[in-house]
Every structure is written in structure tokens, then in C-alpha cells.
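Each chain, written out:
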Amino acid sequence: MTMEGKDMVQDVHISSRKDDHLRLAQQFYVHNVQALSNHDEIDAMQFVHQALPEMSRERVSASTSFAGISLPRPYFINAMTGGTELTNRVNYRLARVAHDTQSALALGSMSIAVKDPRTRDAYRQLRDDFPDVRFIANLGAEHTVESAQLVQEVIGAVALQIHLNAVQEIVMPEGEKDFTGWMNNIRAIVQESHVPVIVKEVGFGMSYETVQQLLNIGVHTVDIAGRGGTNFAQIENARNNKQDFNYMENWGLSTIRSLIEAVEARKNQGVDAHDVSIIASGGVRGPLDIVKYCALGADAVGLSGAFLQAITSSDDDNEAVESTIELIHDWDEHITNIMTILGVENLEQLRTQARYTLPESLISYRRQRAQ
Ligand code: FNR
């Protein structure tokens, strides 16, 4: 086969893989977020109620910023998809939501735009149709500085996500099996990128050690993307109709455990800690989860699966977009309400003043990890 022919076959595989991921992620998500084992510790984290909040709802603002992006609310639409007809349509819907709600919108991996120049037009169209949307570009850590710059420019991104998906690659039969060189690639991309770089997991969490490694090579923003929602071991097993990697479906750090590790790593970074941002994501279900993760130290919260459910809830584009916008407005109200009764005016106060208790299992986990 000629090189061109081989590339073409690869492109067709990427396209159908992306459509499969979307379909299977959507199918499994609700079950995963309802599974108690994934959320027992975040549910057992309890705010201590204060009957004298001395706070007016009017005063509360949950605005935040990370990676140079200021947001009116502490959450955003995290990476999912793009590059095929079906997934471009989903991104188009999400861009309408982002436009109407001043949200940031992270796109799914844009490696297809690196490999196949024909796919770049759809991204450029999206950028031109939504000039005010803050897009975040996305690529895997195996990519070069040049590829990172290319995808950033194609979508006019205000930030760039580099994803770490070793588990997914191992489980995927056609996946990469050599993960050497990621650190060097990330270091180079951080040094050369024209926009802030966010390094993220894809649903298996980041440990204290991983966050420390990333901070040491100059990364300022990490998205821990823990276990509890979208699960790529499960998706790949289903896609390949194999159970080989069933045991991997419980692999990884839950979002709360990973967040605690990341916050600890930031704290121990010393003087540079103040310009490190931590994004919590992975199985985030709604306003109370968001407030809890921010109280634990997250600067923002990312949601993929939850927005995928909302944006695919109707065959009608307008209906799906409107109901997703409504969901965001609803959540904003709830977040403001929760912060009001906690007596905190902003995320900084939430982090430093809100009192909460953690379950014994988490305390014991922290103790073991501190040894
Ligand atoms: C993802 N995710 C993802 N992440 C990434 O960095 N690049 C990507 O291309 C994709 N692709 C992708 C496709 C689909 C359909 C979904 C649902 C998710 C992972 C995503 O950004 C996030 O880290 C995980 O999904 C965990 O968050 P949720 O879904 O549990 O909120």
C-alpha cells in the first residue's frame, strides 16, 4: 500500500472510532455516575451547616479563571470530540451553548486535523462562526510542538490541552504501546506554545507524583480527570467486543482522591504554588459536586459526560441547545444558593472558610499516601 493509501485507511479508522466513542460514552455515562462505588467518598464529604451565614445571595459570585481564561462560573465544557460529520455537529451545538453562556469549550483530540488537512476546514468554519467562543484545542502527549501550534491556530484556541491517555491506548488494540518521550514533548510544547497549556487525564486521575512531575517541567494548569464518569477502558472493551481488559475498568484514582493528591502537590511546590491551577473533572454530576470540588481546592471543574447527555438529548438542534443552556442556568442558580448558605462570597472564601468533614476511608487513604 502507498503511504497515502495507508494514511487514508488510518483516517477512516479514526473517524469511526470517534463516532463509536461518542455513542458508547453516552450509553455508559448515566450508569457510571449512578454507581455508588464511584461516588461514595464525594457523597460522604459533608459541609458543616452554619445556621448564621451572614451572606446575601446578591453578593455571591462564583466566577473563576484558569489558564488565562476568565469564566462567569466555576465549570466549563470539557474535551470530547470533533473531526467527523457527526462529531462536528455535536461541537456546533456545544459552540452555540458556549456562545450563549460565555462558557469555555474544549474540543476533543484534534489529531485528525494534524493527519488530514481536509478536516481542518470544519474547525476553521466553527471558529469563524463563533469568533467570541473561547475554544481550547486538544492533542495527545505524543505530538510535536509544530502539531500543537497547528491545532491551536486552526481553531484560534485561547488555550491548549495535552491529554494523557495511557490506559486507553493500552486497552485499544490499535493503540500506542510506547509512552516514552511524553515528558519531553510536554516540556517543549509548554515552552513554545503561544497560549497557556493544560495537561489533562481522560478519566483515570492524576497522582501526587504525576502532578509534581508536570509542575517540575513548567506546567501551570492540570486537569486531573479522575474516575467516576466516562471510562475509556469500558468504552474500548465494548467497542472491540472483548472483555480482555475488564479489570482495567476499576483502574485509576477517583476524582476526589486525585484532587486531594493534586492539591497536596501544589501546596508542596512552595513559592510557585500560587500560579498553579487545578481543574477537577471526571464524573461530575452537578452543582453540589462542583461546590465540593472547589472547596477542596479546584480552581474550576470540567464536565464532558454530563454535557454529552444534555447536548444529545434531542434530535432537534435548537431543542438540544436550549435545554443545555437551561441546565447551565439552573446549575448557576444552585451554585449561588449553596454558596449563600455556606456564607461565602467567592471561590477563595469557599476554599478557605467553608468547613467540611471527610469520610474515614479518605482519611486513611491520605495517611497511607503520606507514608
Ligand atoms: C472524551 N475525553 C477526551 N479527552 C481528551 O483530552 N481528548 C479527547 O479526544 C477526548 N475524547 C472524549 C470523547 C468523549 C465522547 C468523551 C465523553 C470524553 C475525556 C474527557 O475530556 C474527560 O476527561 C473524561 O470524559 C472524564 O470526564 P466525564 O466525562 O466523566 O465528565
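Everything below is about the structure printed above this text.
Attention in this report is confined to the structure presented alongside it. All values reported here derive from a predicted model rather than from experimental measurement.

### Notes on the overall build of the chain
Stage number 1. Helix and strand counts for the chain stand at 16 helices and twelve strands.
Stage number 2. At 20 Å, the chain has a C-alpha radius of gyration in line with the 21 Å of a compact globule built from 371 residues.
Stage number 3. Principal-axis analysis of the C-alpha atoms gives the chain an extent of 70 × 50 × 40 Å.
Stage number 4. The 371 residues of the chain split such that 56% are buried.
Stage number 5. By sequence separation, contacts in the chain at least 24 residues apart represent 74% of the contacts at least 6 residues apart.
Stage number 6. Of the roughly 16600 Å² of accessible surface on the chain, 49% is carried by carbon and sulfur atoms.
Stage number 7. Each charge class in the chain was averaged separately, 32 positive and 49 negative side chains, and the resulting centres sit 4 Å apart.

### What about the pattern of salt bridges?
Stage number 1. Tallied over the full model, the rule gives 22 salt bridges.
Stage number 2. Here Arg-257 and Glu-41 are joined by a salt bridge, their closest N and O atoms 2.7 Å apart. Linking Arg-257 in helix H11 (residues 255-267) with Glu-41 in helix H2 (residues 36-44), this pair joins segments that are 216 residues apart in sequence.
Stage number 3. On the accessibility criterion, Arg-257 (23% relative accessible area) is partly exposed.
Stage number 4. Judged by relative accessible area, Glu-41 falls into the buried class, the value being 7%.
Stage number 5. Here Arg-57 ties to Glu-333 by a salt bridge, and the two come within 2.9 Å at their closest N and O atoms. Of the two residues, Arg-57 is situated in the loop between strand E1 (46-47) and strand E2 (64-66) and Glu-333 in helix H14 (residues 317-342); the sequence distance between them amounts to 276 residues.
Stage number 6. When its relative accessible area of 33% is taken as the criterion, Arg-57 is described as partly exposed.
Stage number 7. Among the charged side chains, a salt-bridge network with shared partners connects Arg-17, Asp-20, Arg-23, Glu-174, Glu-236 and Arg-239.

### Quick notes on the environment of Glu-345
Stage number 1. Within the secondary structure, Glu-345 sits in the loop between H14 and helix H15 (347-353).
Stage number 2. Distance from Glu-345 to Val-60, taken between C-alpha atoms, is 4.4 Å for residues 285 residues apart in sequence.
Stage number 3. For Glu-345, the side chain forms a polar contact with the side chain of Arg-59, separated by 3.3 Å.

### Side note on the site of the ligand
Stage number 1. Looking at the ligand, there are 21 residues lining it, with Ala-79, Ser-109, Lys-200, Thr-230 and Gly-283 nearest.
Stage number 2. One of the backbone N or O atoms of Ala-79 is found 2.7 Å from an oxygen atom in the ligand.
Stage number 3. Gly-305 places a polar main-chain atom, nitrogen or oxygen, 2.8 Å from an oxygen atom of the ligand.
Stage number 4. Contact with the protein chains covers 95% of the free accessible surface of the ligand, which is 600 Å².

### Some words on the packing of helix H3 (residues 85-101) against helix H5 (residues 120-129)
Stage number 1. Put simply, H3 and H5 touch, their axes get as near as 11 Å, and they point 15° apart. Here H3 lies roughly parallel to H5, going by the angle between them. In terms of crossing hand, the pair formed by H3 and H5 is right-handed. The residues of H5 that touch H3, namely those facing Asn-88, Asn-91, Tyr-92 and Ala-95, are Ala-122, Leu-126 and Asp-129.
Stage number 2. Looking at the contact of H3 with H5 residue by residue, the class counts come to four nonpolar, two polar and one charged.

### Describing empty space enclosed by the protein
Stage number 1. Per the counting criterion, the structure on display carries one cavity of 30 Å³ or more.
Stage number 2. If you add up the space inside the largest cavity, you get close to 50 Å³.
Stage number 3. Looking at the lining of the largest cavity element by element, the count peaks at four residues for helix H6 (residues 145-155).
Stage number 4. Residue composition of the lining of the largest cavity, by class: four nonpolar, four polar and one charged.

### Observations regarding the packing of aromatic side chains
Stage number 1. Applying the stated criterion to the full structure yields seven aromatic pairs.
Stage number 2. Taking the centre distance of 6.1 Å and the plane angle of 45° together, the rings of Phe-307 and Trp-331 count as tilted. On the criterion of sequence distance, the pair formed by Phe-307 in helix H13 (residues 305-311) and Trp-331 in helix H14 is long-range, its members being 24 residues apart. Trp-331 carries the same exposure label as Phe-307, and that label is buried.

### Some words on the pairing of strand E6 (residues 134-140)
Stage number 1. Of all seven residues making up E6, six are buried, and the element is well covered by its neighbours.
Stage number 2. Here five bridges tie E6 to strand E7 (residues 159-164), and the two strands are oriented parallel to one another. What sits directly across from Gly-140, in E7, is His-163.
Stage number 3. Read from E6 through H6 to E7, the crossover connection turns out right-handed.

Conventions we followed
- Residues numbered from 1 in each chain as written.
- Predicted model: local features only at pLDDT ≥ 70, side-chain atom pairs only at ≥ 80, totals over all residues.
- Heavy atoms only, no water.
- Helix = DSSP H or I, 4+ residues; strand = E, 2+ residues; numbered from the N terminus.
- Rg over C-alpha atoms; globule rule 2.2 N^0.38 Å.
- Buried < 20%, exposed > 50% of the residue type's maximum accessible area, 1.4 Å probe, protein only.
- Contact = heavy atoms within 4.5 Å.
- Areas by Shrake-Rupley, 256 points an atom, 1.4 Å probe, with all protein chains shown as cover.
- Lys, Arg positive; Asp, Glu negative; His and termini not counted.
- Charge placed at Lys NZ, Arg CZ, Asp CG, Glu CD.
- Salt bridge = Lys/Arg side-chain N within 4 Å of Asp/Glu carboxyl O.
- Polar contact = N/O pair within 3.5 Å; in protein donor to acceptor, adjacent residues only side chain to side chain.
- Near = heavy atom within 4 Å.
- Axes fitted to C-alpha atoms, helices over the stretch in contact; angles between N-to-C directions.
- Parallel < 35°, antiparallel > 145°, perpendicular 65-115°, else oblique.
- Left-handed = near helix turned anticlockwise from the far one by under 90°.
- Nonpolar A, V, L, I, M, F, W, Y, C, P; charged D, E, K, R; others polar.
- 1 Å grid on protein atoms, 1.4 Å probe; cavity = no way out; pocket = protein on both sides within 12 Å on 5 of 7 lines; lining within 4 Å.
- Points joined across faces, edges and corners; volume = space filled by probe spheres on them.
- Phe/Tyr/Trp six-rings, centres within 6.5 Å; stacked < 30°, edge-to-face > 60°.
- Pairing = 2+ DSSP bridges.
- Right-handed = clockwise from strand over helix to strand, strands pointing away.

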